[in-house]
Amino acid sequence: MSIRASARTHLGAILLFLLPALILFTTGCARQDESEAVPGRGENVLHLFNWNNYIAPETVRHFEKFCNCKLSQDYYSDNEEMLAKLAAGATGYDLIVPTGNAMDTLIRQGALRPLDKSLLPNLRNINPAYLETVFDPGNKYSVPYAYTLTLLGFNEEKIRELELPTDTWAIIFEPKYLKKIKGRVTVLDSQRELMAAALKYLGYSVNDTDEEHWKQAAELIVRAKPYWAAFSNTSYIKELAVGNLWLAHGYSNDMFQAALDAKKTGRGFTIGYSTPREGAVLALDSMVLQRSGNRPDLAHQFINFMLEGRNSAELTNLIGSGNPNMDAMQYIRPEIANNKAIFPDPELLARLEMLRDLDRKQRRSLSRLWTEIKLR
Amino acid sequence: MTKKAEQGRTEGRAEERAEVGIKERTARQRMAKFFVAGPPLVFLTVFFVVPSLIMIATSFRFPGEFGGLAPIAAPVVSAHVSQGLEYGFTLEAYQFFFSDILYAKIFLKSFAVAAATTLICLVMAYPLALLISRSKKHLRNLMVLLVVLPFASNFLIRIYAWMIILGPESGLSYFINAVLGALGITPITLLFSPFAVLVGMVYVHLPFMVLPLYTNLEKHDPALLDAAQDLGATRWQRFWRVTWPLSLPGVFSGAALVFIPVLGMFAVPDILGGTGDILIGNLIKDQFLGTRDWPFGSVLAIMLTLAVLAIAGLAAWFARSAVGQRAT
Amino acid sequence: MSRSTRWLWSAAILAYAFLYIPLAIVVMYSFNDSRLNAEWVGFTLFWYEALLNNKEMLLAARNSLIIALSASFSATLLGTMAGLAIHRYKLKVLPVLVFTPVAMPEILLGVSLLLFFLQVLNLTLGMISIIIAHTTFCIGFVAVIVRARLQGMDESIFEAARDLGASPWQTFRLITLPLIMPAVVAGALMSFTLSIDDFVITFFTKGVGEPILPIQIYTMIKVAVTPEVNAVSTLLMLLTLIMIIIAGKLEARNMEAAGGEAGK
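All of these numbers come straight from a predicted model, not from anything done at the bench.

Each value, and the rule that gives it
Residues numbered from 1 in each chain as written. Chains lettered and ligands numbered in written order. Predicted model: local features only at pLDDT ≥ 70, side-chain atom pairs only at ≥ 80, totals over all residues. Heavy atoms only, no water. Helix = DSSP H or I, 4+ residues; strand = E, 2+ residues; numbered from the N terminus. Buried < 20%, exposed > 50% of the residue type's maximum accessible area, 1.4 Å probe, protein only. Contact = heavy atoms within 4.5 Å. Areas by Shrake-Rupley, 256 points an atom, 1.4 Å probe, with all protein chains shown as cover. Polar contact = N/O pair within 3.5 Å; in protein donor to acceptor, adjacent residues only side chain to side chain. Phe/Tyr/Trp six-rings, centres within 6.5 Å; stacked < 30°, edge-to-face > 60°. UniProt positions renumbered as here; feature names shortened; annotations may be inferred. Buried area = accessible area lost by both parts, 1.4 Å probe. Salt bridge = Lys/Arg side-chain N within 4 Å of Asp/Glu carboxyl O. Nonpolar A, V, L, I, M, F, W, Y, C, P; charged D, E, K, R; others polar. Patch = residues over 30% accessible without salt bridge, like charges linked within 9 Å, V, L, I, M, F, W, Y side chains within 5 Å. Bend = angle between axes of the 7 residues up to and from the residue. Pairing = 2+ DSSP bridges. Right-handed = clockwise from strand over helix to strand, strands pointing away. Disulfide = S-S within 2.5 Å. Core = buried A, V, L, I, M, F, W, Y, C linked by side-chain atoms within 4.5 Å. Axes fitted to C-alpha atoms, helices over the stretch in contact; angles between N-to-C directions. Parallel < 35°, antiparallel > 145°, perpendicular 65-115°, else oblique. Left-handed = near helix turned anticlockwise from the far one by under 90°. Expected span 1.5 Å × (residues − 1).

Student: I tried to follow the overall build of chain C on my own but got confused; where do I start?
Tutor: A count of helical and extended segments in chain C gives eleven helices and zero strands. For chain C, the N- to C-terminal ordering of α and β elements is α-α-α-α-α-α-α-α-α-α-α. Expressed as a percentage of its 264 residues, the buried residues of chain C come to 62%. Sequence-distant contacts, at least 24 apart, represent 72% of the contacts inside chain C between residues at least 6 apart.

Student: I'm lost on the overall build of chain A in this one. Help?
Tutor: Of the regular secondary structure elements, chain A holds 16 helices and eleven strands. Here chain A, with 376 residues, has 61% of them falling under the buried criterion. In chain A, the proportion of contacts linking residues at least 24 apart, taken out of those at least 6 apart, comes to 73%. Working note: accessible area of chain A is about 14700 Å², and carbon and sulfur atoms make up 52% of it.

Student: Please explain the side chain of asparagine 339 of chain A as it appears in this structure.
Tutor: Residues and elements named next belong to chain A. Within the secondary structure, asparagine 339 sits in the loop between helix H14 (334–337) and helix H15 (346–349). A polar atom in the side chain of asparagine 339 sits 3.1 Å from the side chain of tyrosine 273. Only 2.8 Å separates the side chain of asparagine 339 from the backbone nitrogen of alanine 341, close enough to count as a polar contact.

Student: Looking at this structure, I do not really get the packing of aromatic side chains. What am I missing?
Tutor: Following the criterion strictly, the structure yields 44 aromatic pairs over all chains and no others. Between phenylalanine 231 of chain A and tryptophan 370 of chain A, the ring centres sit 5.4 Å apart and the planes meet at 55°, which makes this aromatic pair tilted. Highlighted residues: phenylalanine 231 of chain A in strand S7 (residues 230–231) and tryptophan 370 of chain A in helix H16 (residues 360–375), separated in sequence by 139 residues. Both residues of the pair, phenylalanine 231 of chain A and tryptophan 370 of chain A, belong to the buried class. Measuring from ring centre to ring centre gives 4.9 Å for phenylalanine 43 of chain B and phenylalanine 47 of chain B, while their planes differ by 50°; the resulting arrangement is tilted. Here the residue phenylalanine 43 of chain B and the residue phenylalanine 47 of chain B both occupy positions in helix H2 (residues 23–59), the gap between them amounting to four residues, near one helical turn.

Student: What am I meant to see in the UniProt feature "transmembrane region" (unreviewed entry) in chain C here?
Tutor: Per the UniProt annotation, the sites labelled "transmembrane region" (unreviewed entry) are residues 7–31, 65–86, 93–117, 123–146, 174–196 and 229–247 of chain C. The straight-line gap between the two end C-alpha atoms of residues 7–31 of chain C is 36 Å; of that span, 92% is helix and 0% is strand.

Student: Can you walk me through the interface of chain C and chain B in this structure?
Tutor: Frequently, the measure chosen for interface size is the accessible area removed from exposure when the parts meet. Every contact between the two is made by 96 residues of chain C and, on the other side, 92 residues of chain B. Summed over the three residues of chain C that lose the most area to chain B, namely Tyr16, Phe18 and Leu19 of chain C, the buried surface amounts to 8% of that side. For arginine 158 of chain B, the salt bridge is made with aspartate 197 of chain C, and the minimal N-O distance between the two is 3.4 Å. Across the chain C-chain B interface, the total number found is ten residue pairs in polar contact (both at pLDDT 80 or more). Looking at the side of chain C that touches chain B element by element, the count peaks at 18 residues for helix H1 (residues 2–29) of chain C. Its residues placed into classes, the side of chain C that touches chain B shows 72 nonpolar, 15 polar and nine charged.

Student: Explanation requested: a nonpolar patch on the surface in the structure shown.
Tutor: Taken together, Leu41, Val42 and Val46 of chain B together with Val93 of chain C make up a surface patch of nonpolar side chains, about 310 Å² in accessible area. Among the structural elements, valine 46 of chain B can be located in helix H2.

Student: Help me understand unusual backbone geometry in this model?
Tutor: In terms of backbone geometry, most residues other than glycine have negative phi values and most peptide bonds are trans. Residues and elements named next belong to chain A. A positive phi angle, near 55°, is found at asparagine 68, a position not held by glycine. By secondary structure assignment, the location of asparagine 68 is in the loop between helix H2 (57–67) and strand S2 (70–76). Despite not being glycine, asparagine 139 shows a phi value in the positive range, around 45°. Assignment of secondary structure puts asparagine 139 in the loop between strand S4 (112–113) and strand S5 (143–155). Residue class for asparagine 139 comes out buried when judged on its relative accessible area of 7%.

Student: Help me understand helix H10 (residues 235–264) of chain B in this model?
Tutor: Maximal helix bending in H10 of chain B amounts to about 50°, located at leucine 248 of chain B; proline proline 249 of chain B follows within four positions. Of all 30 residues making up H10 of chain B, 21 are buried, and the element is well covered by its neighbours.

Student: What's the story with the pairing of strand S1 (residues 45–51) of chain A in this structure? I'm lost.
Tutor: As a general feature of sheets, a regular strand has side chains that alternate between the two faces. Residue and element names in this part refer to chain A. Counting buried positions along S1 yields six of seven residues, so the element is predominantly enclosed. Pairing of S1 with S2 involves seven bridges; the strand directions are parallel. Residue valine 45 lies in a different strand from S2, and its bridge partner there is lysine 70. Of the crossover connections in this fold, the one passing from S1 over H2 to the parallel S2 is right-handed.

Student: Can you help me understand the state of the cysteines in this one?
Tutor: Put plainly, a disulfide is one covalent bond tying together the sulfur atoms of two cysteines. All names here are of chain A. With the rule as written, the count across this model stands at one disulfide over all chains. For cysteine 67, the disulfide goes to cysteine 69, at an S-S distance of 2.0 Å. Taking the sign of the S-S torsion, -80° for the link of cysteine 67 and cysteine 69, the bridge is left-handed. Across the pair, exposure class does not vary: cysteine 67 and cysteine 69 are buried alike.

Student: Can you help me understand the nonpolar core in this one?
Tutor: Grouped together as the largest cluster of nonpolar side chains are 190 residues, with contacts concentrated most on Ile132, Val268 and Leu272 of chain B together with Val98 and Phe204 of chain C. Broken down by element, this core gets its largest block of residues, 16 residues, from helix H4 (residues 101–134) of chain B. Every residue in contact with valine 268 of chain B, bar those within four places of it in the chain, is listed here: Phe155, Ile159, Val197, Gly200, Met201, Val204 and Gly273 of chain B. Ile172, Ala197, Ala258 and Tyr273 of chain A belong to the second largest nonpolar core, which has 65 residues in total.

Student: Hey, could you run me through the packing of helix H6 (residues 155–166) of chain B against helix H8 (residues 194–217) of chain B in this one?
Tutor: The relative placement of two packed helices is expressed as an angle between their axes plus a distance between the axes. All names here are of chain B. In contact at an axis separation of 11 Å, H6 and H8 are set at 140° when each is read in the N-to-C sense. In this view, H6 runs oblique relative to H8, as classed from their interaxial angle. Read as a crossing pair, H6 and H8 show a hand that is right-handed. Contact with H6, carried on its side by Phe155, Arg158, Ile159, Trp162 and Leu166, involves Phe195, Ala196, Val199, Gly200, Tyr203 and Val204 of H8 and no other residues of that element. Across the contact of H6 with H8, the residue classes tally to nine nonpolar, one polar and one charged.

Student: In this structure, what is going on with the pairing of strand S8 (residues 247–251) of chain A? I would like to understand it.
Tutor: All names here are of chain A. In terms of residue burial, S8 counts as a mostly covered element, since four of its five residues are buried. In this sheet, S8 lies alongside S5 in antiparallel orientation, the contact comprising five bridges. Counted as the bridge partner of glycine 153 is alanine 248 from S8. Inspection of the sheet shows strand S6 (residues 185–187) paired to S8 by two bridges, in the parallel sense. Its bridge partner being in S8, threonine 186 is matched across the sheet by alanine 248.

Student: Could you clarify how one ought to interpret the environment of arginine 149 of chain C in this entry?
Tutor: Tracing the backbone through its elements, the reader meets arginine 149 of chain C in helix H6 (residues 127–150). Taking the relative accessible area as the measure of exposure, arginine 149 of chain C reaches 5% and is therefore buried. Separated by 62 residues in sequence, arginine 149 of chain C and histidine 87 of chain C have C-alpha atoms that sit 10.0 Å apart. The residues contacting arginine 149 of chain C, other than those within four sequence positions of it, are Thr215, Glu218 and Lys219 of chain B together with Leu179, Ile180, Pro182 and Ala183 of chain C. A distance of 2.8 Å separates the side chain of arginine 149 of chain C from the backbone oxygen of threonine 215 of chain B, its partner in a polar contact. A polar side-chain atom of arginine 149 of chain C sits 2.8 Å from the main-chain carbonyl oxygen of leucine 179 of chain C.

Student: Help me understand helix H8 (residues 168–197) of chain C, please; the structure alone is not making it clear to me.
Tutor: All names here are of chain C. Between its first and last C-alpha, H8 extends only 37 Å over 30 residues, short of the 44 Å set by a 1.5 Å rise per residue. At methionine 181, H8 shows its largest bend, some 55°, and a proline, proline 182, comes one to four positions later. Most of H8 sits inside the fold, with 22 of its 30 residues counted as buried.

Student: Is there a simple way to think about the pattern of salt bridges in this case?
Tutor: Note that side chains of opposite charge can pair when their charged atoms are close. With the rule as written, the count across this model stands at 22 salt bridges over all chains. A salt bridge links aspartate 189 of chain A to lysine 374 of chain A, with the shortest nitrogen-to-oxygen separation between them at 2.8 Å. Of this pair, aspartate 189 of chain A sits in the loop between S6 and helix H8 (191–201) while lysine 374 of chain A sits in helix H16; the two residues are 185 residues apart in sequence, bridging distant segments of the chain. Here aspartate 189 of chain A matches lysine 374 of chain A in class, with each residue buried. Taken together, the shared-partner salt bridges in this structure form one network comprising Arg360 and Arg364 of chain A together with Glu92 and Asp293 of chain B.

Take a look at the structure:
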C-alpha cells in the first residue's frame, strides 16, 4: 500500500470517528431547544444551588406543578465547595442552602438579597428555637430549611458485646475504649468537626479559639489516631451498614441512611446512633437568596412552598434530616419523629452548638495544626 | 553508526542546504513553523499563561476575611466590614510556607509516593507495552483499547471498587491474612493504608505509562534485534543493549505522565488512605476547599510546579548525558 | 523467542487482570439486586431501568460526551501540533507552556480558569468553558506522546521528502502523519478518558443548571455508591467500546478501498 493511500485512510478514520460527535452535537442542540421551549425559553426556571440529595424528588415535582416553572438544581457536597465557587464570582443562582457559618460569610460578603417576609406567610410554622440565630438576627436573609447533628453511629450488637458506652465522646478519644475496636472506627475528615468533638469532650465550646485549648484537643486527637482506621466523610455510611466498621463519627442523616441500609439488606445487626452527653455540633441549613439571582419571585414562592409542613416533611421522611418546621411533625413518620438523635429534647438541644466561622488567621493556624495531626 | 551521529549528520546537511539558500523553501519552512507552533502557542498563552499569572498574583495577596481574596485597593469601610482589614500585596504566604519544616516533609513524602507509583507502573507497563508492540497489527489496536477502556468508566467508581477488593471482608484480605496467620504474623488490614493508596495510584495511572511506551516501542525496527541475534547477543543482552536504550524517550514521557499527576492527586488518599495518608494534593485542595486560603494554596502549587520542573530538568539532563555517554 | 513471548504474555495477563478485576466488580454489581455494593443477592435489570428513567442523568451523559469529544478533538489537534513543533523546531517557550499544565495540580487550573473566565473574559460559564478547560490540560498529554514517538525517528525520511520537492504540508500529510498516527490515536483516547472523567476542573468551570456526568456521579456517590452508578459506568464503557470499534471498522474498510486503489 502506498504511503499516500495510508495517510488518506487515517485522515478518513479520524473524520469518521468525529462523526458521532457531530451527530450528537446537532441532535443534542436540537433537543435542548425543545426542552427549553416548554417552560418558555429558559425564563421560567428557578436555579437552586443545593446540597446533594437534599430535596425529595416528589417535592420537586409538586413544586414544578405548583409554580408552573422548572426547578433546576446544581449540587455541592461541602459548604466550602459552594463558597469557593461563589467567591470566584459564580452568579446566576436564585437560591442557596448554606449552613449557618457559611451563611454568615455570605451575609457579611453582601452576597445575599434580603427577604420579603410579606411573601412568606408560612414562616410562622418554624419553631422559634431555630429562628434568630447569631448568624442572621431577625432572619433578614434566611429561613431555616433542615438540620443535622454530628454524632456517633455504631453497630449496636458489637458495642453492647464489648460493653462500650455510646453517650460520650470518650469512646472515640480514650485508648481504654478504643483498643477494643481498633481499626473499626472512623472519624470525620473535617478540621472543624473533629476539633469540635475534641473540644466538647474537653469541656470547651466548639467555637473556642484559644490556642492552648486547640493544642490540648490536638494532643487528644493524636493520642487516639492510631486506633482509628481512617478519616472518612462518606464511606462510613456503607462500611457501617455492611459491618466493616463498628463505630463512626458522622452526621445524623448519614447514620439514618446506614441504619436503613443495614435493615434493608437483612444484616444480623442494627445501626444505632446517639448524641454524646457532652454536647455536639448542630448544623442548621437555611434557604437564602443570592443577590444576583434573576427570579427572586420564584425563590420566595419556593421558600413559602417548602415552609408548608407537608412538603417539608417529605425531606425528613427521605433522609432523616432534622426538621425545624412545627407543622411538619404531623406528616413525619413516627419512628423518625420519636428519634431523639434526630429531634433532640430541649435539655439536649441546650447543649448543642452551631459552628461559627473562623477569621483568616485562625483558619490558617488550624490548617497547620490539622496537617501536623495528619502527619504525626 | 550511532543514532546521535546519524542525527548530527542530517542536521548538518540541513544547515548546508539552508546556506545554499533556496529562499523560497526557507520561507515556506518558516510558514510551516508558524502554522504548526502558532495555534497551540496562542491557545495556551490565552488559556494557561494568563490564568497562571492570575494565580501567581494571588500568591502575593492576603486571603479575604470570608474567603476568596482581600481587595487590592483599600476597602471602603461599611457597616458590614470591620476595620483593620489587610489589602494590597504581601509575601506573607511565602513566609508561612518557609516558616515550618512541616510542608517540606509533605513534599518529600509526596515525591516518594510519586516515585514509587512511577516505578511500579513502569514495571507493570513495560512487558505489556512490549507485547502489544510485537503483536500482529489487528491485535495491537484491540490490546491498546483494552488498556484504555476501563478508563471510560468513572474514576471514583473504580476507586470504590478497590475499596471492596481491599476491604476486611474481601477474599483477598482473607487469603493474605490466612497466609500471614500460617506464618505466625498478626493479620493486617489492606484498606485505609499506604499500601491501598499505592494500589489506587498505580491503578489510576497505569495507562499513562503504557501508551507512551507502546507508541515508542511500536516504531522499533525488528531488524535491529535480528541483527543483534545474528551477532550472538543473548535474549537479555538484546533487550538491555537494544530495546531498552531505544525506548528511553517513551520511558521518560511515561514517567512524566505518571509522576506529575500523582503529585496533584487527592481523591485516592482521601478514599483509600488511612489516618496518616496526606499528600501535597490534599493540602492544596484543602486550601481552596476547606481553609479558604487561596494565597497559601497558590504558594503550595507554585512550589510544587517549581519542584516538578526542577526534577524534569534534572531528568532531561541525566538522560542527555546518559545518551551522550552511550554514543561516545 | 517463544520463551520470552510466554514470559511477556504472563506479565501482560497479570497487568490486564489488575486493570479488569475492579471493573468486573463494577459491572457485576450493576446487575445486583441490592442497594449496597456488598454481596451478590440476585440478578436484576432494575438499575438500568432506573437509569433510563433518570432524565437528568441522560442529559448529563449527553453533555459529557459532547464535551469529551470536542475537547479530545481540539486537544489532539493542538497537542499534535505542539508535539511536532517542539520536536522539529527546538523551541524554548512552547515546551514550558505545553508541559506545565500537566505539572499543575488540577484544582489550581480549575480555580485559575474560573477566575479568568469570570473576571477577565466575563464569559457565561457553560459547555464552552468546560471544553476550553479540558482542552488546556489535555494538550500536554497528547504532545508528550507524540513527541515520544518522534524522538529518535529517522530524520532522513523527511529530508528525502523535502529533497523530492514535497511541500511542508505534503510532507506532513504523506510522511509524518502516518508515522505518528499511533501516537495521535493514543493521545486522542487519553484525552477522551481524561475529559469524561474529570471532576475537579469541571466542577469549577461548569455553568448554572447544566448536568455534567462526573459531577452527577460524584453527587450520587456522596450519598452512597448505588448500583445505578455502576450501571452508568458500564454503559459508558460499552458506548466507548462501540464507538471505537465502529471507527476501527470504518478505517479497515477504508484501508481496503485505499489498498485496492493503490494497487492499480
